[in-house]
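So the chains spell out like this:
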Amino acid sequence: MLGVVAVVATTVPALASSAAAAVVSGDCSSVSTGWAQAGPFAVTVETGAPDHTIYRPARLGACASYPVIIWGNGTGTGPIAYDGLLRLLASHGFIVAAAKTANAGLGEEMLAGLDHLAKRGGTPGDALAGKVDLSRVGATGHSQGGGGAIVAGADPRVDTTAPIEPGPQGAVTALRGPAFFLAGQEDKVVLPGTLVYPRYQRADQVPAVYGELAGATHMTPTGSGGGFRGPVVAWFRARLLGDERAKAEFTGPTCGYCASPIWSRFERNARAGG
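Residues numbered from 1 in each chain as written. Predicted model: local features only at pLDDT ≥ 70, side-chain atom pairs only at ≥ 80, totals over all residues. Heavy atoms only, no water.

S.K.: What is the right way to look at the overall build of the protein chain in this model?
M.R.: Of the regular secondary structure elements, the protein chain holds seven helices and ten strands. In the protein chain, the share of contacts with a sequence separation of at least 24, taken over all contacts with a separation of at least 6, comes to 67%. Accessible area of the protein chain: about 10,600 Å², with a carbon and sulfur share of 57%. (Helix = DSSP H or I, 4+ residues; strand = E, 2+ residues; numbered from the N terminus. Contact = heavy atoms within 4.5 Å. Areas by Shrake-Rupley, 256 points an atom, 1.4 Å probe, with all protein chains shown as cover.)

S.K.: Looking at this structure, I do not really get the confidence of the model for the protein chain. What am I missing?
M.R.: Parts of the prediction with low pLDDT should not have their coordinates interpreted in detail. Looking at the protein chain as a whole, the pLDDT averages 89, with 88% of positions reaching at least 70. Confidence over residues 1-26 falls short of pLDDT 50; this stretch has 43 contacts with residues more than four positions distant or in other chains. (pLDDT = per-residue confidence, 0-100.)

S.K.: How should I be thinking about the state of the cysteines in this particular structure?
M.R.: By definition, a disulfide is the covalent link that joins the sulfur atoms of two cysteine residues. Tallied over the entire structure, the rule returns one disulfide. Here Cys255 engages in a disulfide with Cys258; their sulfurs sit 1.7 Å apart. Looking down the S-S bond of the Cys255 and Cys258 bridge, the torsion is 105°, so its handedness is right-handed. (Disulfide = S-S within 2.5 Å.)

S.K.: How should I be thinking about the packing of aromatic side chains in this particular structure?
M.R.: Within a pair of aromatic rings, the relevant descriptors are the distance that separates the centres and the angle that separates the planes. Counted under the stated rule, the structure contains 15 aromatic pairs. Here Phe180 and Phe250 contribute two aromatic rings whose centre-to-centre distance is 5.2 Å and whose plane-to-plane angle is 80°, an arrangement assigned as edge-to-face. Separated by 70 residues along the polypeptide, Phe180 in strand 8 (residues 179-184) and Phe250 in the loop between helix 7 (244-247) and strand 10 (263-268) bring together distant segments of the chain. A relative accessible area of 0% means that Phe180 is categorised as buried. Taking relative accessible area as the criterion, Phe250 reaches 3% and is therefore assigned buried. Aromatic pair Trp235 and Phe250: ring centres 5.0 Å apart, planes at 85°, arrangement edge-to-face. Highlighted residues: Trp235 in helix 6 (residues 229-241) and Phe250 in the loop between helix 7 and strand 10, separated in sequence by 15 residues. In this structure an aromatic cluster arises from ring pairing among Phe180, Trp235, Phe250, Tyr257, Trp263 and Phe266. The positively charged end of Arg265 is found above the aromatic ring belonging to Tyr197, 3.8 Å away from the centroid. (Phe/Tyr/Trp six-rings, centres within 6.5 Å; stacked < 30°, edge-to-face > 60°. Buried < 20%, exposed > 50% of the residue type's maximum accessible area, 1.4 Å probe, protein only. Lys NZ or Arg CZ within 6 Å of the ring centre and 35° of its normal.)

S.K.: Would you take a moment to explain the pattern of salt bridges for this structure?
M.R.: Should their charged atoms come close, side chains of opposite charge can pair. The tally for this structure, following the rule as stated, stands at eleven salt bridges. The shortest N-O distance in the salt bridge between Arg120 and Asp126 comes to 3.0 Å. With relative accessibility at 13%, the residue Arg120 sits in the buried group. Asp133 is paired through a salt bridge with Arg136; the nearest N and O atoms lie 2.6 Å apart. With a relative accessible area of 23%, Arg136 lands in the partly exposed category. A network of salt bridges, in which partner residues are shared, links Glu46, Arg56, Arg120 and Asp126. (Salt bridge = Lys/Arg side-chain N within 4 Å of Asp/Glu carboxyl O.)

S.K.: Could you clarify how one ought to interpret the nonpolar core in this entry?
M.R.: Across soluble globular proteins, you tend to see nonpolar side chains buried next to one another. Core analysis: the largest hydrophobic core is formed by 38 residues, its most contacted members being Phe180 and Phe236. Listed in part, the 20 residues of the second largest apolar core include Ala97, Met110, Ala139 and Ala149. (Core = buried A, V, L, I, M, F, W, Y, C linked by side-chain atoms within 4.5 Å.)

S.K.: Could you clarify how one ought to interpret the pairing of strand 9 (residues 208-213) in this entry?
M.R.: One face of the sheet, then the other: side chains in a regular strand alternate in exactly this way. Most of strand 9 is tucked away: six of the six residues are buried. By the alternation rule, side chains of strand 9 split into Ala208, Tyr210 and Glu212 and Val209, Gly211 and Leu213, which are all buried. A crossover connection joins strand 8 to the parallel strand 9 through helix 5 (residues 192-202); in handedness this β-α-β unit is right-handed. Bridge analysis of strand 9 against strand 10 gives five bridges, and the strand direction is antiparallel. Residue Glu212 lies in a different strand from strand 10, and its bridge partner there is Arg265. (Right-handed = clockwise from strand over helix to strand, strands pointing away. Pairing = 2+ DSSP bridges.)

S.K.: In this structure, what is going on with the side chain of Ser143? I would like to understand it.
M.R.: Considering the arrangement of structural elements, one finds Ser143 in the loop between strand 6 (132-142) and helix 4 (144-152). With sequence-adjacent residues up to four places away left out, Ser143 is seen in contact with Gly74, Ile164, Glu165, Pro166, Gly167, Val190 and His218.

S.K.: Is there a simple way to think about the environment of Thr53 in this case?
M.R.: Residue position: Thr53 is located in strand 3 (residues 52-57). With relative accessibility at 6%, the residue Thr53 sits in the buried group. In sequence terms Thr53 and Ala99 are 46 residues apart; their C-alpha atoms lie 6.6 Å from each other. For Thr53, the contacting residues outside a window of four places in its chain are Val45, Glu46, Thr47, Pro79, Val96, Ala97, Ala98 and Lys100.

S.K.: Would you take a moment to explain the packing of helix 2 (residues 83-91) against helix 6 for this structure?
M.R.: A pair of packed helices is characterised by two quantities: the angle between their axes and the separation of those axes. Between helix 2 and helix 6, the least distance of the axes is 10 Å, while the angle of their chain directions is 30°. When the axes of helix 2 and helix 6 are compared, the pair comes out roughly parallel. When you trace helix 2 past helix 6, the crossing you get is right-handed. Contacts from Gly84, Leu85, Leu88 and Leu89 in helix 2 reach Arg229, Val232, Val233 and Phe236 in helix 6. Looking at the contact of helix 2 with helix 6 residue by residue, the classes come out as six nonpolar, one polar and one charged. (Axes fitted to C-alpha atoms, helices over the stretch in contact; angles between N-to-C directions. Parallel < 35°, antiparallel > 145°, perpendicular 65-115°, else oblique. Left-handed = near helix turned anticlockwise from the far one by under 90°. Nonpolar A, V, L, I, M, F, W, Y, C, P; charged D, E, K, R; others polar.)

Set out below in structure tokens:
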């Protein structure tokens, strides 16, 4: 039986950058290039649903609708272990459904979050009624949840994926949209060179990018997301919001991330413009 949804509202600290503060209520596609900084939206966290925690903009009147991101946790963890990262995504204008499961590798619980949001978006009187944009959906997660994001990326409803230090779950050849494979240089659990990079190479049927974060361990993505937070936000802003400044981090001969010192290795396949 569903309990009463618990809602926690938090205000994003002082619109973390002056550029972000310049975003007006009618403009839902442009924001500061400080991707790791909080976006322009205050954040509400709904914890009452039995299977998902929802992170979303607190006030949904600014934009006609909001893209969706489904999230998968690492083995043995829950959304609270990634609370800072999930809040950051919501502050940039995404509705995030974080599966309440410690085993997200099958992708099923993540896709169930998409179903949950679809139902709420179509329910008159719900806070999300008419605000869930099912034409713009991304999947991401860490470790086993990163593998789950790859599984979910085979679903035709999912437009793009950003698996973070992903487990072995899912066939990258089944991905249907652009993918950003994120690895940690010092990850001793999901080895970048033998586990993540080869999967990026095999995903040659879609635009694919590989980013190996310098000095990152397997635990770096927990909490606030560490050095992964900015690139993940930029990827989804580029792919789901059409943010041209975010796109410039990944595309073109002088892409912003191509020579960035945050990476120990950064590559793009031919379909991604590299």
